[in-house]
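Structural characterization, general
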Amino acid sequence: MVVGDIATGTDVLVIGAGPAGYVAAIRAGQLDLDVTLVEKEAYGGTCLNHGCIPSKALITATNVAHEAAHAEEMGVHADPAVDLSGMVGWKDDVVNQLTSGVEKLCKANGVNLIEGEAHFADEHTARVSHGGEGQGSESIEFEHAVVATGSRPIEIPNFSYDDDPVLNSRQALALESIPESLVVVGAGYIGMELAGVFAKLGTDVTVVEMLEDVLPGYEDDLARPVKKRAEEFGVEFHFERTATKWYEHGDGIRVVTEPAGQAQAATDGGAQAREAEEEPLEIDAEKVLVAVGRTPVTETLDLENAGVETDERGFVPTDDRARTNVEHVFAIGDVAGEPMLAHTGSMEGQVAAEVIAGEPSAIDYQAMPAAVFTEPEIGTVGMTQQEAEEQGFETVTGKFPFRASGRALTTGHAEGFVRIVADADAGFVLGAQVVGPEASELIAELGLAIELGATLEDVAETVHAHPTLAESVMEAAENALGRAIHTLNR
Amino acid sequence: MVREFKLPDVGEGVAEGELVSWLVEPGDAVSEDQPVAEVETDKALVEVPSPVDGTVRELRAEAGEMVPVGDVIVTFDVEGEEPAEAEPAESDERAGEPEAEEGGAEAGSEEVATPEGRVFAPPRVRRLAREEGVDLSTVEGSGPGGRITEGDVRAAAEGGASGTAAEADAGAADPASEAGDAGAAQAPASTETTAAPQVESADRDRTLAAPATRRIADEEGVDIDAVPAAEERDGEAFVTPEAVREYAEAQRRAQEADAAALAGREEPAERERREPFTGVRRTIAEAMERSKYTAPHVTHHDEVDVTKLVETRERLKPVAEERGIGLTYMPFIMKAAIAALKEFPQMNAMIDDENEEIVYKNYYNVGVATATDVGLMVPVVEDADRKGLLQLSSEMNELVQKARERSISPNELRGSTFTITNIGGIGGEYATPILNYPEAGILAVGEIKRKPRVVTDEDGNESIEPRSVMTLSLSFDHRLIDGAEGARFTNKVMEYLENPELLLLE
């Protein structure tokens, strides 16, 4: 503590007001704990300010424009003009509405809000430096601390986000004009979502991916429609290549790519592997967007002063109560490691608050959904068939294609399918994968089915309204039971 | 079958107790109502009886440990029924046993880990399981298709009736059980690794394993190249999730053994010694602290000439002894105090802080502070005003004896309205007794000593004579009683003690 400095005390110090941190703070407030929430930048964290919400706002806006322009078969003829600054302004309004809502909710639940950057002084004291010169700092003594500092985009060698043509996802979402051409490095879900946004806005998009396909980590049949649709928008893909540097060229830049390491190239003798051998490949563009993953933000925290350990990647390991190696310090959200999803962080935040309040709460990842807002969307929850079999289940799957769905056809989006993975013996739903229209919404029902221990029959015999996309879930369950009506049973 | 035994409420309103000693060991046969443990609560030492005929399976608490009422302290194998599979003695030998099978022994622990793999139970049931300390992976579901219900968890929590791995295995015909066991059954090779010593590192350069297995290895903090492989695929070592868990568990045990060995080497020589602040000592401390910091204490001192009382007692003592009763001065003091209490009812009252009321008591339960080996106890002679000297003496002697032997019940230590403490046995003249809160008064009496006193005869002549003198120290709650009243009360006590024949009128 600084001489003359009087520390304030709090039951729970939450560092970071993203979807993990603010949820932890509000829940702790609801449980009558004295809570102090420190945020150095903006309430709502990456999700509300630079991630989920702004990207989904722009995805929606670009989809409106794109669909209006491509609705001739529905008898709609339009030539929408896109005003990117207007679009970004609308996105900002949405973001502001949500972030101010978070602030109000925190206050309404008795959470003390402090703006500044917190770092640990010792096991029970943190120091908060307020932004700007002369703003000062203060000490806070805490009974429990919750680290929720989130993550930031990984930078790759030779691509500094300080350089104007090089963008991370956050910068890409704040562009004031539509680039004519864009190289997207990384075909994960952030890269693919933004590739779709800009392609629909008329940008000439090229995606460079180190691995052999889009959306690594998702099953091939889920990723395939996304790649196919992106190609229909004009997105060009180069797989098994890494971007190694860029240089200015003419009015724009030239991104230099090289074949990815031999380990990746040698796994497949197919066309993509052959392409990898072609070198060199340089791509001209106006901007380059790097979306190769995210890394935890821990370096400003002085975690070692609190005795909190991190792993070799910088994440803070936690147990199923969100506790770190130090009993009274918790870590939640991206900083606590994969899966780096906002809803995971929120759930961890609730658990951390409840554990601190002495409740028997614990994190359960068995039905953690994931949603990718590409076109078509992807939603997954629980286990894939392979994962279920690795865990010793004998599985049965049921699948329903959207092209057999009346509602899907009436939306003009009939690509993709619903698949349910179940235990062959008792019929318990173990997992589900959806690719297609509103997959991000449809997956919720299947998450509930898993959590409740529902069986295929439970799902199949739950009457679903017609005509809805949700009927596809019921039909997939019926398909698994060999009694689907609107598709052929296998 | 395993019966869990929770620490019962051994006295009215007792929340926890110190487990003083075990009277049995694992493996001992016990009969119903046979004492199995001594538990000290709220100043009393009580014996906890076995609820069943059976064999002691596991002691869940150690001597000296504070145990909340309701915590499982011991488990029994009930006679005539099959013992559960996971015997604690065997589990050490079976170093590589899959976690799920050890879960039975862990049911009821304070914090139950979230089960890995699928458990077919809705979130509210999983939460209940955590609340009740039930390991869901050991519970057989009775719901549709074998889903675990709230009732299953409650049953497991209450008696472990459906909470053992053995029963889950026995129910293998049930589809859910089959599903639950499939993870273990699918890798027969892993059973072979169970018997092999698991602590040794395999130290390979390359290991095949599923991503989920690698994740488990990360979570367990083990190097997957070090995990002994039970299988091979394409000529490479293939590691299963079970093998990772077995290896991690073996590592943990080895580390614990090392830690235990190190701890065993510590030298006992020490400059200071620390002991848990528990049991009677802590109870006394809490009571004293509450009393001292709640009621403003005033102590009034005086001394009384009890020469006549000494003579009276000497006369009555042989009579009492003929009836098998040792007559001390305490019954006389009690009688004198009660007579004074009747004149000063506020001294037999208390302040009900919570309701902001003064409670006057028309009954006279006198507490007699008693020094025991473990600390101060206050046995209570109920309705002392309705009892004669000999009955008072007899009851008090019996209670004091029980307190010293620590066989007194918590109920016999409660409900006093005024307390008397004898400080004379060891030495000293005066004291400042702390109120037996929430009582309003406490009287400390000193040793009766022969002292020179100025005596005035009937003609007004003064002389100095050796007399029997006793000191009195009366502490009272100054919120309720003013100083003058305290003095008057003491005067009244003295009047009776100076003239014991007045007690005949009481």
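Preceding this paragraph is the structure being described.
It should be emphasised that the depicted structure is a prediction, and the values quoted were computed from it without experimental measurement.

What counts and what doesn't
Residues numbered from 1 in each chain as written. Chains lettered and ligands numbered in written order. Predicted model: local features only at pLDDT ≥ 70, side-chain atom pairs only at ≥ 80, totals over all residues. Heavy atoms only, no water. Helix = DSSP H or I, 4+ residues; strand = E, 2+ residues; numbered from the N terminus. Contact = heavy atoms within 4.5 Å. Areas by Shrake-Rupley, 256 points an atom, 1.4 Å probe, with all protein chains shown as cover. Buried < 20%, exposed > 50% of the residue type's maximum accessible area, 1.4 Å probe, protein only. Pairing = 2+ DSSP bridges. Axes fitted to C-alpha atoms, helices over the stretch in contact; angles between N-to-C directions. Parallel < 35°, antiparallel > 145°, perpendicular 65-115°, else oblique. Left-handed = near helix turned anticlockwise from the far one by under 90°. Nonpolar A, V, L, I, M, F, W, Y, C, P; charged D, E, K, R; others polar. Patch = residues over 30% accessible without salt bridge, like charges linked within 9 Å, V, L, I, M, F, W, Y side chains within 5 Å. Salt bridge = Lys/Arg side-chain N within 4 Å of Asp/Glu carboxyl O. Lys, Arg positive; Asp, Glu negative; His and termini not counted. Charge placed at Lys NZ, Arg CZ, Asp CG, Glu CD. Core = buried A, V, L, I, M, F, W, Y, C linked by side-chain atoms within 4.5 Å. Phe/Tyr/Trp six-rings, centres within 6.5 Å; stacked < 30°, edge-to-face > 60°. Lys NZ or Arg CZ within 6 Å of the ring centre and 35° of its normal.

What to know about the overall build of chain A
When helices and strands are tallied, chain A shows 16 helices and 22 strands. Of all intrachain contacts in chain A linking residues separated by at least 6 positions in sequence, the fraction that spans at least 24 positions is 64%. Element-wise, carbon and sulfur atoms account for 49% of the exposed surface of chain A, whose accessible area totals about 21100 Å².

Description of the pairing of strand E8 (residues 72-78) of chain B
Residues and elements named next belong to chain B. The element E8 is extensively covered by neighbouring structure, given that seven of its seven residues are classed as buried. As paired elements, strand E1 (residues 2-6) and E8 share five bridges and run antiparallel to each other. Opposite arginine 3, over in E8, you have phenylalanine 76 as the bridge partner. With five bridges joining them, strand E6 (residues 54-59) and E8 adopt antiparallel strand pairing. Following the sheet pairing, leucine 59 is matched in E8 by valine 74.

Focus: the packing of helix H3 (residues 52-69) of chain A against helix H4 (residues 84-108) of chain A
Residue and element names in this part refer to chain A. At a closest axis distance of 9 Å, the pairing of H3 and H4 adopts a crossing angle of 140°. Between H3 and H4, the interaxial angle falls into the category oblique. Taken as a pair, H3 and H4 cross one another with a handedness that is right-handed. Counted together, Ile53, Pro54, Ala57, Leu58, Ala61 and Thr62 of H3 and Met87, Trp90, Lys91, Val94, Val95 and Leu98 of H4 form the full contact between these two elements. For the contact of H3 with H4, the per-class residue count stands at ten nonpolar, one polar and one charged.

Observations concerning a negative patch on the surface
Among the surface-exposed residues, Glu155, Asp162, Asp163 and Glu248 of chain A lie close enough to one another that they form a single negatively charged patch. Structurally, the position occupied by glutamate 155 of chain A is in the loop between strand E7 (151-153) and strand E8 (166-167).

Overview of the nonpolar core
The biggest cluster of nonpolar side chains holds 54 residues, and the ones touching the most others in it are Ile333, Met334, Phe418, Leu472, Phe489 and Leu497 of chain B. Looking at which element gives the most residues to this core, the answer is helix H12 (residues 330-343) of chain B, with ten residues. Counting 37 residues, the second largest nonpolar core, distinct from the first, contains Leu84, Ala172, Leu173 and Met192 of chain A.

Thoughts on the packing of helix H1 (residues 21-30) of chain A against helix H11 (residues 342-356) of chain A
Residue and element names in this part refer to chain A. Where H1 contacts H11, the two axes come as close as 7 Å, and the packing angle between them is 35°. Handedness of the crossing formed by H1 with H11: right-handed. The residues of H11 that touch H1, namely those facing Val23, Ala24, Arg27 and Ala28, are Ser346, Gly349, Gln350, Ala353 and Glu354. Grouping the constituent residues of the contact of H1 with H11 by class yields four nonpolar, three polar and two charged.

Some words on the packing of aromatic side chains
This model, assessed by the stated rule, comprises seven aromatic pairs over all chains. A connected cluster of aromatic rings, assembled from ring pairs, spans Phe393 and Phe428 of chain A together with Phe120 of chain B. The residue whose ring lies beneath lysine 399 of chain A is phenylalanine 417 of chain A, and the NZ or CZ to ring-centre distance is 4.1 Å. Geometry around tyrosine 364 of chain B places lysine 342 of chain B over its ring, the cationic atom sitting 5.6 Å from the centre.

Describing the sheet that holds strand E13 (residues 252-259) of chain A
Residues and elements named next belong to chain A. Here three strands make up an open sheet; going across it, the order is E12-E13-E14 and the pairing antiparallel. Only two strands of the sheet have a single neighbouring strand rather than two, namely strand E12 (241-249) and strand E14 (281-285). Across the sheet, the mean angle from the axis of one strand to that of its neighbour is 25°, orientation sign disregarded.

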